[in-house]
Amino acid sequence: MAIPLLLLLLFLIFSDSLTKSESLGVGINYGQIANNLPSPSRVASLLRSVNITKVKLYDADPIVLSAFANSGVEFVIGLGNEYLQKMTDPIQAQSWIQQHVQPYISQTKITCITVGNEVLMGNDTQLKSYLLPAMQTVSAALRTLGLTKDIYVTTAHSFNILANSFPPSASAFRPDLAEYMQGILAFHKQTNSPFLINVYPFFAYKDSNGQVLLDYALFQPNPGTIDPNTNLHYDNMLYAQIDAVYAAIKALGHTDIQVKVSETGWPSKGDPNEFGATPENARLYNGNLLSRIEQRQGTPAKPQVAIDVFFFALFNENMKPGPVSERNYGLYYPDGSPVYNIGLQGIVPRMDYSASAKNVGMLSSGILSLLIVTICLL
């Protein structure tokens with residue numbers, strides 16, 4: 001067998017895998033609250049190898065956006081909560097876009113700007129009052145600059161904005177947030193932008209005192225639950241939570257706003273009271289969810305709408321505050337080795353990172369087997 005044939009086989013394998021991944025609603029949150037992460041250029045290589053083509057940032061890091069130039073990766077970039085007041089000023093909103101978006105969009109695809117993160121769960125009522133005007137002003141600035149066809153504006157919410165979530169069909173937003181939600185939903189309707197929610201079945205399981213079955217949270221075989229109002233059967237918690245958000249939106253008069261999951265994941269390690277935070281459970285949750293996405297499943301209430309998910313997170317982040325779990329949501333360690341295997345195919349490249357000279361390289365088992373067989377045939 002000639003070497004060109006080997007290269008052709010590898011190309012066909014990667015092309016098939018890439019096409020499969022690009023058609024799925026799978027993305028990854030790329031957090032950087034750490035002092036030992038690989039350089040953005042290495043991260044770009046890693047994500048190419050595992051065929052993830054959607055990335056969500058919590059800022060608009062120019063180094064990251066430049067590193068992913070011509071990569072084909074779609075970016076969600078973020079405006080932190082500290083920017084909300086400034087973004088209510090049209091001049092400052094347009095200036096921010098001109099500085100943080102326009103220099104990169106010719107080579108790096110930016111599809112979304114999230115204005116704030118979980119703003120409505122804070123205690124700062126003034127900050128909450130800035131949220132919708134900031135979203136509107138940023139959207140207007142994009143329109144002025146001729147970018148609204150390419151980039152939409154939204155914000156990411158905590159699941160705790162719901163007053164109740166079971167049964168899903170009876171869900172509603174917290175009464176104290178109704179004044180904010182009405183305007184935000186009207187904005188989504190007007191701009192045809194999605195409603196983003198951060199959803200973690202891990203928290204519900206951890207805090208349930210045994211009332212939530214672990215298998216139900218992990219997409220494992222289980223009896224499931226029935227919504228008594230709709231008779232819909234739920235075999236996993238995430239789908240019930242997504243439908244609860246849809247029901248809360250419907251209760252405020254909207255039926256055509258898409259819900260996307262901006263964060264979901266499971267920690268591989270936690271404090272003693274963080275029950276279920278293990279590598280095996282993290283592997284099961286993320287791996288089973290990935291399998292559902294590959295099947296293009298919808299939820300019981302929205303069976304024709306494939307779920308769109310951003311996994312949290314790409315790396316373990318060693319400088320995040322809070323309980324141990326906060327630093328252990330990553331699919332990868334900073335050296336590029338996987339925390340556990342959830343079936344993402346590809347080559348994990350050799351990675352350099354700031355805190356060490358260690359390099360780790362790994363071939364996926366399928367590609368390695370092909371190389372071994374091919375070499376033997378040469």
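Everything numeric here is computed off the predicted structure, so don't read it as measured data.

A. Up close: the overall build of the protein chain. Scanning the protein chain from terminus to terminus reveals 12 helices and 14 strands. A burial count over the protein chain gives 51% of its 378 residues as buried. Intrachain contacts of the protein chain at a sequence separation of at least 6 include 68% that bridge at least 24 residues. Here the protein chain has roughly 17000 Å² of accessible surface; of this, 54% comes from carbon and sulfur atoms.

B. Here's a closer look at the environment of Pro 201. Position of Pro 201 relative to the elements: it lies in helix 8 (residues 201–206). Given a relative accessible area of 0%, Pro 201 falls into the buried group. Sequence-wise, Pro 201 and Trp 266 are 65 residues apart; in three dimensions their C-alpha atoms are separated by 8.1 Å. Those residues in contact with Pro 201, other than ones at most four positions away along the chain, are Ala 217, Met 237, Leu 238, Gln 241, Thr 264, Trp 266 and Tyr 285.

C. Expanded view of the nonpolar core. Counting 101 residues, the largest nonpolar core has Phe 75, Ile 77, Ile 113 and Phe 195 as the members making the most contacts within it. At 10 residues, helix 10 (residues 237–251) tops the list of elements feeding residues into this core. Those residues in contact with Phe 195, other than ones at most four positions away along the chain, are His 157, Ile 161, Phe 173, Met 181, Leu 185, His 188, Val 245, Ile 249, Ile 257, Gln 258, Val 259 and Lys 260.

D. Local environment of the pairing of strand 5 (residues 152–158). In terms of residue burial, strand 5 counts as a mostly covered element, since six of its seven residues are buried. Pairing analysis gives four bridges linking strand 4 (residues 109–117) to strand 5, with the strands arranged parallel. Looking across to strand 5, one finds that Ile 113 is bridged to Val 153. In this region the chain leaves strand 4, passes through helix 6 (residues 125–144) and returns to the parallel neighbour strand 5; the handedness of that crossover is right-handed. In this structure, strand 5 lies alongside strand 8 (residues 195–198), joined through three bridges in parallel fashion. By the bridge assignment, His 157 is partnered in strand 8 with Ile 197.

E. Main features of the confidence of the model for the protein chain. Predicted confidence across the protein chain gives a mean pLDDT of 87, with 84% of residues reaching 70 or more. For residues 1–23, every residue scores under 50 in pLDDT, and the model assigns this stretch 26 contacts once sequence neighbours within four places are set aside. Here residues 353–378 scores under 50 on pLDDT; set against residues more than four positions off or in separate chains, the count is 45 contacts.

F. Local environment of the side chain of Asn 236. Note that Asn 236 resides in the loop between strand 10 (233–234) and helix 10. At 2.8 Å, the side chain of Asn 236 forms a polar contact with the side chain of Asp 235. Sequence-distant contacts of Asn 236, that is, excluding residues within four places in its chain, are made with Tyr 216, Phe 219 and Arg 292.

G. Expanded view of the packing of helix 6 against helix 7 (residues 178–191). Orientation of helix 6 relative to helix 7, taken along the N-to-C sense of each, is 10 degrees, at an axis distance of 11 Å. With respect to their mutual orientation, helix 6 and helix 7 come out roughly parallel. Contacts from Thr 125, Lys 128, Ser 129, Leu 131, Leu 132, Met 135, Gln 136 and Ser 139 in helix 6 reach Tyr 180, Gly 183, Ile 184, Phe 187, His 188 and Thr 191 in helix 7. By residue class, the composition of the contact of helix 6 with helix 7 is six nonpolar, seven polar and one charged.

H. How the structure looks around the pattern of salt bridges. If you walk through the whole model with that rule in mind, you get nine salt bridges. Across the pair Asp 256 and Lys 189 runs a salt bridge whose closest N-O atoms are separated by 2.6 Å. One end of the pair, Asp 256, is in the loop between helix 10 and strand 11 (259–264); the other, Lys 189, is in helix 7, with 67 residues separating them in the sequence. Residue classification places Asp 256 among the partly exposed positions, given a relative accessible area of 45%. Lys 189 sits in the partly exposed class, given a relative accessible area of 46%. Among the ionic pairs, Lys 260 bridges to Asp 308, the shortest N-O distance being 3.7 Å. Of the two residues, Lys 260 is situated in strand 11 and Asp 308 in the loop between helix 11 (279–294) and strand 12 (309–311); the sequence distance between them amounts to 48 residues. The residues Lys 260 and Asp 308 share a single accessibility class, namely buried. Three or more residues joined by partner-sharing salt bridges are found here, namely Lys 54, Lys 260 and Asp 308.

I. Summary view of unusual backbone geometry. With an omega of -5 degrees, the peptide bond between Phe 166 and Pro 167 qualifies as cis. Position of Pro 167 among the secondary structure elements: in the loop between strand 6 (162–164) and strand 7 (172–173). Look at the link from Phe 312 to Ala 313: it is a cis peptide, with omega at 5 degrees. Examined against the element boundaries, Ala 313 turns out to sit in the loop between strand 12 and strand 13 (347–348).

Criteria and thresholds
Residues numbered from 1 in each chain as written. Predicted model: local features only at pLDDT ≥ 70, side-chain atom pairs only at ≥ 80, totals over all residues. Heavy atoms only, no water. Helix = DSSP H or I, 4+ residues; strand = E, 2+ residues; numbered from the N terminus. Buried < 20%, exposed > 50% of the residue type's maximum accessible area, 1.4 Å probe, protein only. Contact = heavy atoms within 4.5 Å. Areas by Shrake-Rupley, 256 points an atom, 1.4 Å probe, with all protein chains shown as cover. Core = buried A, V, L, I, M, F, W, Y, C linked by side-chain atoms within 4.5 Å. Pairing = 2+ DSSP bridges. Right-handed = clockwise from strand over helix to strand, strands pointing away. pLDDT = per-residue confidence, 0-100. Polar contact = N/O pair within 3.5 Å; in protein donor to acceptor, adjacent residues only side chain to side chain. Axes fitted to C-alpha atoms, helices over the stretch in contact; angles between N-to-C directions. Parallel < 35°, antiparallel > 145°, perpendicular 65-115°, else oblique. Nonpolar A, V, L, I, M, F, W, Y, C, P; charged D, E, K, R; others polar. Salt bridge = Lys/Arg side-chain N within 4 Å of Asp/Glu carboxyl O.

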